[in-house]
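# Close look at the chain arrangement
The residues making up each chain are set out below.
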Amino acid sequence: MAAPEDDLIVVGITEHAAEQLGDIVFVELPEVGTQVNKDDEVVVIESVKAASDILAPIDGEIVEVNEPLVEDPGKVGEDPTGEAWFFKIKPADPSQMDDYMDEAAYLAYIG
């Protein structure tokens, strides 16, 4: 999940993805200030079922991370599209977001 917030993009996972992963037991976040390219591995999450990587949706700079998730990774399963976002990125080229589905299209896709 990547959602606009002012001039930043908030990156997390959807409720559907959180349900598929099950109980999250570990989250490794990037460093603030890290420059990333689209599809770079940025976050590692581990659940009781699997380990997964979260990729950068666009080119840009990591400007904020959700540090409380490191201490309480279970929040990802409790509120994935709210308080359990992973990082915020300042896009180098905001038009890269045009390639993504909006929420309605995503819900129709997984429905």
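Each remark here, short or long, concerns the structure printed above.
Report on the accompanying structure. The structure displayed is predicted, hence computed values, not measured ones.

### A short note on the sheet that holds strand β5 (residues 41–47)
- Strand order in this open sheet of three strands is β3-β5-β6, and the pairing throughout is antiparallel. Of all the strands in the sheet, just β3 (24–28) and β6 (51–55) have a single pairing partner and so form its edges. Adjacent strand axes in the sheet meet at a mean angle of 25 degrees when their direction is disregarded.
- Sheet topology note: the β5/β6 ladder contains five bridges and is antiparallel. Among the inter-strand pairings, Glu-46 is bridged to a residue of β6, identified as Ala-51.

### Things to note about the packing of aromatic side chains
- For the coordinates displayed, the defined rule picks out zero aromatic pairs.
- Across from the ring centre of Trp-85, 4.8 Å away, lies the NZ or CZ of Lys-88, which sits over that ring.

### Observations concerning a negative patch on the surface
- Where like charges cluster on the molecular surface, the negative patch consists of Glu-15, Glu-19, Glu-31, Glu-67, Glu-71, Asp-72, Glu-78, Asp-79, Glu-83, Asp-102 and Glu-103.
- Among the structural elements, Glu-83 can be located in the loop between α3 (75–78) and β8 (87–91).

### Observations regarding the pairing of strand β7 (residues 60–65)
- Of the strand pairs in this sheet, strand β4 (residues 35–36) and β7 are connected by two bridges, and their pairing is antiparallel. The partner of Gln-35 across the bridge, within β7, is Glu-61.
- Two strands pair when backbone bridges link them, and β7 and β8 are joined in this way by five bridges, in the antiparallel orientation. Within the sheet, the bridge partner assigned to Ile-62 lies in β8 and is Ile-89.

### Structural notes on the pattern of salt bridges
- For the structure shown, the criterion picks out three salt bridges.
- With a shortest N-O distance of 4.0 Å, Asp-99 and Lys-38 are connected by a salt bridge. One end of the pair, Asp-99, is in the loop between β8 and α4 (103–110); the other, Lys-38, is in the loop between β4 and β5, and 61 residues separate them in sequence.

Conventions and cut-offs
Residues numbered from 1 in each chain as written. Predicted model: local features only at pLDDT ≥ 70, side-chain atom pairs only at ≥ 80, totals over all residues. Heavy atoms only, no water. Pairing = 2+ DSSP bridges. Helix = DSSP H or I, 4+ residues; strand = E, 2+ residues; numbered from the N terminus. Axes fitted to C-alpha atoms, helices over the stretch in contact; angles between N-to-C directions. Phe/Tyr/Trp six-rings, centres within 6.5 Å; stacked < 30°, edge-to-face > 60°. Lys NZ or Arg CZ within 6 Å of the ring centre and 35° of its normal. Patch = residues over 30% accessible without salt bridge, like charges linked within 9 Å, V, L, I, M, F, W, Y side chains within 5 Å. Areas by Shrake-Rupley, 256 points an atom, 1.4 Å probe, with all protein chains shown as cover. Salt bridge = Lys/Arg side-chain N within 4 Å of Asp/Glu carboxyl O. Lys, Arg positive; Asp, Glu negative; His and termini not counted. Charge placed at Lys NZ, Arg CZ, Asp CG, Glu CD.

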